[in-house]
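Chain by chain, the residues run as shown.
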Amino acid sequence: MLERHAICEHAPFERFRSELNALFYPARVEPLGRAPAGTGLLRGVRTEHLTVGLMRFGQPTLVDPGRTGAYHVNVTLAGPIASASDDEETVSTAGHATVFAPHRTHRLTHCAEGAAQLGIRVDRALLDGELEALLGRPVRAPVEFALEFDLGSPAGRAWSASLELLLSELDDPDGPIGRPAVRAYHERLLATGLLLAQRHSYTEALRDGALRGGAAPATPRAVRRVLDVVQGRPQEPYTIADLARVAGVSARRLQEAFREHVGSTPMEYLRSVRLDRVHEELRAGAVGVTETAYRWGFTHPGRFARAYRQRFGVLPSETARTSAPW
């Protein structure tokens, strides 16, 4: 995990503290108790709107960055890790995460020796912008997330899959994440997934898909705008929030309108168009299944192959082989 982004391994406490602060935020990082300073591990990488770091604590440690101005998710890999946000406290073990808001304090009050976690810093502008697109209206107050996040729940597993996809891309030197548009897609996918998976102060508004005063349903014209954009450039890394922006309605309204007028969700329609384009190119003799899939917006070869077989009844390699000129 993040092996290509090693910062320090078997590092003395002082260096671990310095590198951790440089990667994320200025923070008070202190050993707990009188044990000799243990060695820590830190790997990390920044994209435009995310910072992702893997840390393992070499001895019991306190980490207190205070109010960070950003959203932050800590995914516990080995614990226990005791956390607090303002007056709320929790203890997490593997399979659980904690979520912090930019205007609340963020503290790890006790990280046990050998405890490990993934820390994900999410710029407020990114997450708030995705929320605005999902709601179809401006957001003025920060999102108040529930502190405890169960990654074993169906929603938690869905978000974890997005995180795992991001991590695998970050560790692939030849993968498409080197393209700015693909990096931006993964950023938005992680932020949107968090908003849909973890309960927060706007959850009911997202569920209702409207303001208390009501919202106009998506019209066939709004659906047509999305259809035109998808048909014109299906290879772009759209999220549901992107398509809601195109339609000019909330994501919930767009979903409902697509089911009514198209018979599928917007993302299902997008995948269908992409699969058709790949199929057409492979039948025409395109060389390189993976390259063709990447070109049309598929970033995960395994998932692409499964979706292709489900739609066309054969693997993409079979289509390419039978279409190859003799």
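Definitions and limits used
- Residues numbered from 1 in each chain as written.
- Predicted model: local features only at pLDDT ≥ 70, side-chain atom pairs only at ≥ 80, totals over all residues.
- Heavy atoms only, no water.
- Helix = DSSP H or I, 4+ residues; strand = E, 2+ residues; numbered from the N terminus.
- Rg over C-alpha atoms; globule rule 2.2 N^0.38 Å.
- Buried < 20%, exposed > 50% of the residue type's maximum accessible area, 1.4 Å probe, protein only.
- Contact = heavy atoms within 4.5 Å.
- Areas by Shrake-Rupley, 256 points an atom, 1.4 Å probe, with all protein chains shown as cover.
- Lys, Arg positive; Asp, Glu negative; His and termini not counted.
- Charge placed at Lys NZ, Arg CZ, Asp CG, Glu CD.
- Arc of directions from axis to C-beta.
- Pairing = 2+ DSSP bridges.
- Axes fitted to C-alpha atoms, helices over the stretch in contact; angles between N-to-C directions.
- Phe/Tyr/Trp six-rings, centres within 6.5 Å; stacked < 30°, edge-to-face > 60°.

A tally of regular secondary structure across the protein gives 12 helices and 12 strands. Its C-alpha atoms give the protein a radius of gyration of 22 Å, near enough to 20 Å, the size a compact globule of 326 residues would have. Overall, the protein is about 70 × 60 × 30 Å in size when its C-alpha atoms are taken along their principal axes. Expressed as a percentage of its 326 residues, the buried residues of the protein come to 52%. Pairs at least 24 apart in sequence give 73% of the contacts found in the protein among residues at least 6 apart. With an accessible surface of roughly 15300 Å², the protein has 51% of that area assigned to carbon and sulfur atoms. Across the protein, the mean location of the 40 positive side-chain charges is 4 Å away from that of the 38 negative side-chain charges.

Let us look at helix H1 (residues 13-23). Of all the positions in H1, only Phe13, Phe16, Leu20 and Leu23 are classed as buried. What you see down the axis of H1 is that its buried residues fit within an arc of 95°, all on one side.

On to the sheet that holds strand E2 (residues 28-31). Strand pairing within a sheet occurs via backbone hydrogen bonds; the two strands may be parallel or antiparallel. The strand order across the open sheet built from five strands is E2-E5-E10-E7-E8, with neighbouring strands paired in antiparallel fashion. Strands with a single pairing partner mark the edges of an open sheet, and in this sheet they are E2 and strand E8 (88-92). Each strand of the sheet is rotated relative to its neighbour by a mean of 15°, with strand direction disregarded.

Okay, the packing of aromatic side chains next. Counted by the stated rule, this structure contains eight aromatic pairs. Look at Tyr71 and Phe145: their rings are 5.9 Å apart centre to centre, the planes differ by 90°, and that puts the pair in the edge-to-face class. Taken together, the residues span a long stretch of sequence, with Tyr71 in strand E6 (residues 71-78) and Phe145 in the loop between helix H2 (124-135) and strand E12 (148-150) at a distance of 74 residues. For the residue pair Tyr71 and Phe145, the accessibility class agrees, reading buried in each case.

Attention now moves to the pairing of E8. Both strand E7 (residues 81-85) and E8 contribute to a ladder of five bridges, which runs antiparallel. Its bridge partner lying in E8, Ser85 is registered against Glu88. Hairpin connection of E7 to E8: two residues between the antiparallel strands, including Asp86 at a positive phi of 55°.

What follows deals with the environment of Tyr185. Its place among the elements puts Tyr185 in helix H4 (residues 180-197). Linking Tyr185 and Asp242, residues 57 residues apart in sequence, is a C-alpha distance of 9.7 Å.

Another aspect to go through is helix H7 (residues 240-247). The element H7 is extensively covered by neighbouring structure, given that six of its eight residues are classed as buried. Those residues of H7 that are buried are in contact with H2, H4, helix H6 (220-232), helix H8 (251-261) and helix H9 (266-283). Backbone geometry just after H7 places Gly248 at a positive phi near 80°.

It is worth spelling out the sheet that holds strand E9 (residues 96-100) at this point. Sheet architecture is open: seven strands sit in the order E1-E3-E4-E11-E6-E9-E12, paired in antiparallel fashion. One side of each edge strand has no neighbouring strand; the edge strands of this open sheet are strand E1 (6-11) and E12. Between one strand axis and the next, the sheet turns by 15° as a mean value, whatever way the strands run. Note: E9 against E12, three bridges, orientation antiparallel. Bridging from a neighbouring strand, Ala97 pairs with Phe149 of E12.

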